[in-house]
Amino acid sequence: MNNESIFKSSFSTYIKLFIKEKHSLGYKYESESRRLQHFDCYCFTHGNLNKLTQQCIENYLISDSNRSAGTKQNIIGVLRQFAFFLIRNGQDASVYPLEMIPKKEKLYRPYIFTHDEIKKLISEAEHIRANNRFPTRHQTLPLIYRTLYCCGVRISEVLNLTIDRVDFSRGILLLSGTKDYRDRVIPLSDEMLERYSDYYSRTHATSSGDTYFFRSDYDKPYSTQAIANNFKQMLWKCGISYGGRKKGPHLHSLRHTFSVHCLQKAMAEGRDLKEFLPILSAYLGHKSLQGTQKYLHLTAELYPDILSKLDEYCGDIIPKAGDFLE
């Protein structure tokens, strides 16, 4: 991000110093920087506001009626930190009150694909046609979708993957600097490794190690939105209803489905879930088991025939419906 060119408001100097401070402390601060860029643009186009007040923040929050409570929480969190920074540097600023922060909505119920739906989606992806405008898309998108489901990774982790983070000799993906700054190792099955090797030989004959593995036909990394738009088209072709932004299915539903299917398989095999869950949690990159427990509840709801077995193994850690927030 080129801080010198994107910030224009009266806050620009302090925003750049604030981001520089965050970077010096080891934070990537990428999404937060984009939020500050958007806020800076708003201030510049609305009279070039020069004081961070509660009213200023509230006006900014309501300027986009589509913002969810979760998004507003994130924005307020960043602007509260920025306010503390301004005050530390002798500037007059208001810290947005904690009691005024909107509550997040209850978590929507994640969509879990059936095994048949997964087969339909993968098959549909494999039939994406080549065309002159997008000569590699029909090769790239199918492998991205397979990776999302077969490896249970986040779309950002897939799109940020570079060639030097694919270890063909050991058959693993090396994910670095992911959510919560965790590094993870993702093993590839023999079939997936073969697909990765074939894709590499066909699309990266002259690429360097720092090249994005899944680059677009514009020689840039694919955007999440581009993948999401294509995914919606595939859902329609497969006869899977899309319920909208709050209901999905979304790309992230493939990660949810991977997790639930893993638990289903583990329980069907009689695995000790108290031993299996920490492994799954680490694999998914969760900070704690709390991030993984929601999959227990989903698994129990979707597969009631094994609910008794689930209670037997780990009934003391099964969460209640509605306990989870976004």
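As shown above, the structure is provided for reference.
Conventions adopted
- Residues numbered from 1 in each chain as written.
- Predicted model: local features only at pLDDT ≥ 70, side-chain atom pairs only at ≥ 80, totals over all residues.
- Heavy atoms only, no water.
- Helix = DSSP H or I, 4+ residues; strand = E, 2+ residues; numbered from the N terminus.
- Buried < 20%, exposed > 50% of the residue type's maximum accessible area, 1.4 Å probe, protein only.
- Contact = heavy atoms within 4.5 Å.
- Areas by Shrake-Rupley, 256 points an atom, 1.4 Å probe, with all protein chains shown as cover.
- Pairing = 2+ DSSP bridges.
- Salt bridge = Lys/Arg side-chain N within 4 Å of Asp/Glu carboxyl O.
- Phe/Tyr/Trp six-rings, centres within 6.5 Å; stacked < 30°, edge-to-face > 60°.
- Lys NZ or Arg CZ within 6 Å of the ring centre and 35° of its normal.
- Core = buried A, V, L, I, M, F, W, Y, C linked by side-chain atoms within 4.5 Å.
- Axes fitted to C-alpha atoms, helices over the stretch in contact; angles between N-to-C directions.
- Parallel < 35°, antiparallel > 145°, perpendicular 65-115°, else oblique.
- Nonpolar A, V, L, I, M, F, W, Y, C, P; charged D, E, K, R; others polar.
- 1 Å grid on protein atoms, 1.4 Å probe; cavity = no way out; pocket = protein on both sides within 12 Å on 5 of 7 lines; lining within 4 Å.
- Points joined across faces, edges and corners; volume = space filled by probe spheres on them.

### Describing the overall build of the protein chain
Logical step 1: Counting its secondary structure elements, the protein chain contains 14 helices and three strands.
Logical step 2: Among the 326 residues that make up the protein chain, the fraction classed as buried is 44%.
Logical step 3: Put simply, of all contacts in the protein chain between residues at least 6 apart along the chain, 64% involve residues at least 24 apart.
Logical step 4: In the structure as shown, the protein chain presents an accessible area of about 17700 Å², 50% of it carried by carbon and sulfur atoms.

### Section: the pairing of strand 3 (residues 184–187)
Logical step 1: Alternating residues of strand 3 divide into R184 and I186, all buried, and V185 and P187, none buried.
Logical step 2: Where strand 2 (residues 172–175) and strand 3 come together, four bridges link them in antiparallel fashion. Following the sheet pairing, L173 is matched in strand 3 by I186.

### Thoughts on the pattern of salt bridges
Logical step 1: With the rule as written, the count across this model stands at 11 salt bridges.
Logical step 2: Residues E191 and R146 are paired through a salt bridge, measuring 3.8 Å at the closest nitrogen-oxygen approach. Of this pair, E191 sits in helix 9 (residues 190–203) while R146 sits in helix 7 (residues 137–151), and the two are 45 residues apart along the sequence.
Logical step 3: For E191, a relative accessible area of 45% gives the class partly exposed.
Logical step 4: Take R146: its relative accessible area is 14%, and that puts it in the buried class.
Logical step 5: A salt bridge links R202 to D198, with the shortest nitrogen-to-oxygen separation between them at 3.0 Å. Of this pair, R202 and D198 both sit in helix 9, four residues apart, roughly one helical turn.

### Remarks on the packing of aromatic side chains
Logical step 1: Scanning the entire structure with this criterion turns up 18 aromatic pairs.
Logical step 2: Here F18 and Y29 contribute two aromatic rings whose centre-to-centre distance is 5.7 Å and whose plane-to-plane angle is 90°, an arrangement assigned as edge-to-face. With F18 in helix 2 (residues 12–24) and Y29 in the loop between helix 2 and helix 3 (30–45), this residue pair connects regions lying 11 residues apart in the sequence. For the pair shown, F18 and Y29 are each scored as buried.
Logical step 3: A connected cluster of aromatic rings, assembled from ring pairs, spans F11, F18, Y29, F39, Y42, Y60, F82 and F85.
Logical step 4: Its end group placed over the ring of Y27, K22 keeps NZ or CZ at 5.3 Å from the ring centre.

### Regarding the nonpolar core
Logical step 1: In terms of nonpolar packing, the biggest core is built from 50 residues, with I144, Y145 and Y196 touching the most fellow members.
Logical step 2: Broken down by element, this core gets its largest block of residues, seven residues, from helix 7.
Logical step 3: With residues up to four places along the chain from it excluded, the contact list for I144 reads I155, V158, L159, F214, Y222 and I227.

### Concerning the packing of helix 3 against helix 4 (residues 54–61)
A pair of packed helices is characterised by two quantities: the angle between their axes and the separation of those axes.
Logical step 1: Contact geometry for helix 3 and helix 4: axes closest at 11 Å, N-to-C directions at 105°. Judged by the inter-axis angle, helix 3 sits roughly perpendicular to helix 4. Within the contact between the two elements, helix 3 uses R35, H38, F39, Y42 and C43 and helix 4 uses C56, N59 and Y60.
Logical step 2: Taken together, the residues that form the contact of helix 3 with helix 4 break down as five nonpolar, two polar and one charged.

### A look at empty space enclosed by the protein
Logical step 1: In total, this model carries two cavities of 30 Å³ or more according to the counting rule given.
Logical step 2: Of the pockets and cavities examined, the largest cavity occupies roughly 40 Å³.
Logical step 3: Lining the largest cavity, in full, are I118, L121, I122, Y145, Y149, F231, M234 and L254.
Logical step 4: For the lining of the largest cavity, the secondary structure elements donating two or more residues are helix 6 (115–126), helix 7 and helix 10 (224–237).
Logical step 5: Among the residues making up the lining of the largest cavity, the classes are represented as eight nonpolar, no polar and no charged.
Logical step 6: In terms of lining residues, the second largest cavity is bounded by T147, V153, E157, V158, L161, L173, L175, Y196 and F214.

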